[in-house]
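Working through the structure, step by step
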Amino acid sequence: MHRHHRDHAHDDSLEALREALTAGFWDERYAGSDRVWSGRPNQRLTEQVADLSPGTALDVACGEGGDAIWLAKQGWKVTAVDVSQVALARVADHAEDEGVADRLRLGFYDALDDPRPAGRHTFDLVTVSFLHVPVEDFDEIYRGIGAAVGPGGRLLVTAHHPHDVATGARHDHGPGLLFEPDRVLAALGADRPGSAWEVEVADTPERVQQTADGPLEVRDTVVRLRRTA
Ligand SMILES: C[S@@+](CC[C@H](N)C(=O)[O-])C[C@H]1O[C@@H](n2cnc3c(N)ncnc32)[C@H](O)[C@@H]1O
C-alpha cells in the first residue's frame, strides 16, 4: 500500500504493524502449532447468522476455518480466504474430514495488497472475524471487504474491543489495532444518511473466555450491516 508518511519513526512503527499482516508471519505462526485457534465457530458468528437463510458466504481472513466449516455445515456455499497458505491447507483438510469440501472454496487474499478479497465476486454474507489492521490501512481494507457484499447481502465484522487492552485482558499489539463499531460504520459511510447500508447491529457485547489462568471477561465489537443499494 502506498501512503504518505509523516516521519521516519511513524514509518518504522507502521511497517512493524504491517509485518504482522504478512504471509511469512502467519505461515510461521500456523506451522508452529497443530491448532492455533479452537476449531469451533466464533460465538458472534453463530449468533448473528442464526436468523439468516443460507446462501453464498465469504469468510475473510478465515484462519483455520472454524467459521467457514461451520457455515458450510449450515448449508452455506462458502468461499474462505486468507494470507496464509498453511492455514488454507489446514482448512482444506478439516473440510474433507467434516464432509463439506464440496461446499467450500479456498483462495489467497492479502489485505495489504488486494483491493478486494474475492475479485469481482459478491456474496449474500461476508464475514470477517478478528482482522485487526493499522488505522492507516483500515478504511481501504474494510471498504474492499464491504465491496464483496451483494445487493441485500450482509457484512458481519467481529473484532476485539479496545476495552480489553484497558482491562489488561489483552496485550496491546499496536496503537489503534483494536476498534469500536463506529470505525466500521465510518469506513463504509454507514453512519451517513442515504448510505448504501442499513445498520442492523453495532454492539459491544461481553463474554467469558476460558484461559489457562481461569475465566476472563472480554468484550467484542460486532457490526452487522445490510446492503440496501
Ligand atoms: C486472529 S486470526 C483470526 C482467524 C479467524 N478469522 C478466526 O476467527 O479464527 C487473523 C487471521 O488473519 C489472517 N491475516 C493476517 N494478515 C492478513 C492479510 N494481510 N490478508 C489476509 N489475511 C490476513 C491471518 O492469517 C489469520 O488467519
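Up top is the structure these notes are about.
Summary of the structure given here. Starting afresh in each chain, residues are numbered from 1 along the sequence in its written order. Where totals are concerned, whole chains, interfaces and linings use all residues; where local detail is concerned, this predicted model gives features only for residues with pLDDT of at least 70, and gives and counts side-chain atom pairs only at 80 or more. Side-chain measures were taken over the full set of non-hydrogen atoms in the model, leaving aside hydrogen atoms and water.

**What to know about the overall build of the protein**
Counting its secondary structure elements, the protein contains eight helices and nine strands. Only C-alpha atoms enter the radius of gyration, while the globule expectation follows 2.2 Å times N to the 0.38, with N the number of residues. Its C-alpha radius of gyration of 17 Å places the protein within 12% of the 17 Å reference for a compact globule of 229 residues. Dimensions of the protein, computed from C-alpha atoms along their principal axes, come out at roughly 50 × 45 × 35 Å. In this scheme, a residue with accessible area under 20% of its type's maximum is buried, one over 50% is exposed, and one in between is partly exposed, where area comes from a 1.4 Å probe on protein chains only. In the protein, which comprises 229 residues, the share counted as buried stands at 48%. Here a helix means four or more residues in a row that DSSP labels H or I, a strand means two or more in a row labelled E, and each is numbered from the N terminus.

**Description of helix H8 (residues 181-188)**
What H8 keeps buried is the set Pro181, Val184, Leu185, Ala187 and Leu188. One side of H8 carries all its buried residues, which in axial view fall inside an arc of 165°. In the core, the buried residues of H8 are packed alongside helix H6 (135-146), strand E6 (149-160), strand E7 (197-203) and strand E9 (214-227). Once H8 finishes, glycine 189 follows within two positions and takes phi at roughly 75°, a positive value. Throughout, the arc means that of the directions going from the helix axis to the C-beta atoms. Contacts: residue pairs with any heavy atoms within 4.5 Å of one another.

**Focus on the pattern of salt bridges**
Definition used for salt bridges: Asp or Glu carboxyl oxygen within 4 Å of a side-chain nitrogen of Lys or Arg. Inspection of every chain in the model, using the stated rule, returns 14 salt bridges. Salt-bridge contacts for glutamate 47 lead to arginine 44; the nearest nitrogen and oxygen are separated by 3.1 Å. Taken together, the residues glutamate 47 and arginine 44, both in helix H3 (residues 43-49) and three residues apart, mark about one turn of the helix. For aspartate 51, the salt bridge is made with arginine 224, and the minimal N-O distance between the two is 2.9 Å. Within this pair, whereas aspartate 51 is found in the loop between H3 and strand E1 (56-60), its partner arginine 224 is found in strand E9, the two being separated by 173 residues in sequence. Residue class for arginine 224 comes out buried when judged on its relative accessible area of 6%. Taken together, the shared-partner salt bridges connect Arg44, Glu47, Arg207 and Asp220 into one network.

**Some remarks on the site of the ligand**
For this purpose, a residue is taken to be near a molecule or strand whenever a single non-hydrogen atom of the residue falls within 4 Å of it. In the vicinity of the ligand, 18 residues are found, and the nearest of them are Leu21, Tyr30, Ala61, Asp82 and Ala111. Counted as a polar contact is a pair of N or O atoms within 3.5 Å, where, for protein atoms, one must be capable of donating a hydrogen and the other of accepting one, and residues adjacent in sequence contribute only when both atoms are in side chains. Aspartate 82 has a polar side-chain atom sitting 2.6 Å from an oxygen atom of the ligand. Valine 83 places a polar main-chain atom, nitrogen or oxygen, 3.5 Å from a nitrogen atom of the ligand. Residue exposure ignores everything except the shown protein chains as possible cover, and the areas themselves are Shrake-Rupley values with a 1.4 Å probe. Protein chains shield 93% of the accessible area of the ligand, which is 600 Å² for the free molecule. Throughout, the ten residues Ala, Val, Leu, Ile, Met, Phe, Trp, Tyr, Cys and Pro are labelled nonpolar, Asp, Glu, Lys and Arg are labelled charged, and all others, Gly among them, are labelled polar. Of the residues contributing to the shell around the ligand, the split by class is 12 nonpolar, four polar and two charged.

Note that every value here comes from positions in space, so none of it alone points to a role or purpose.
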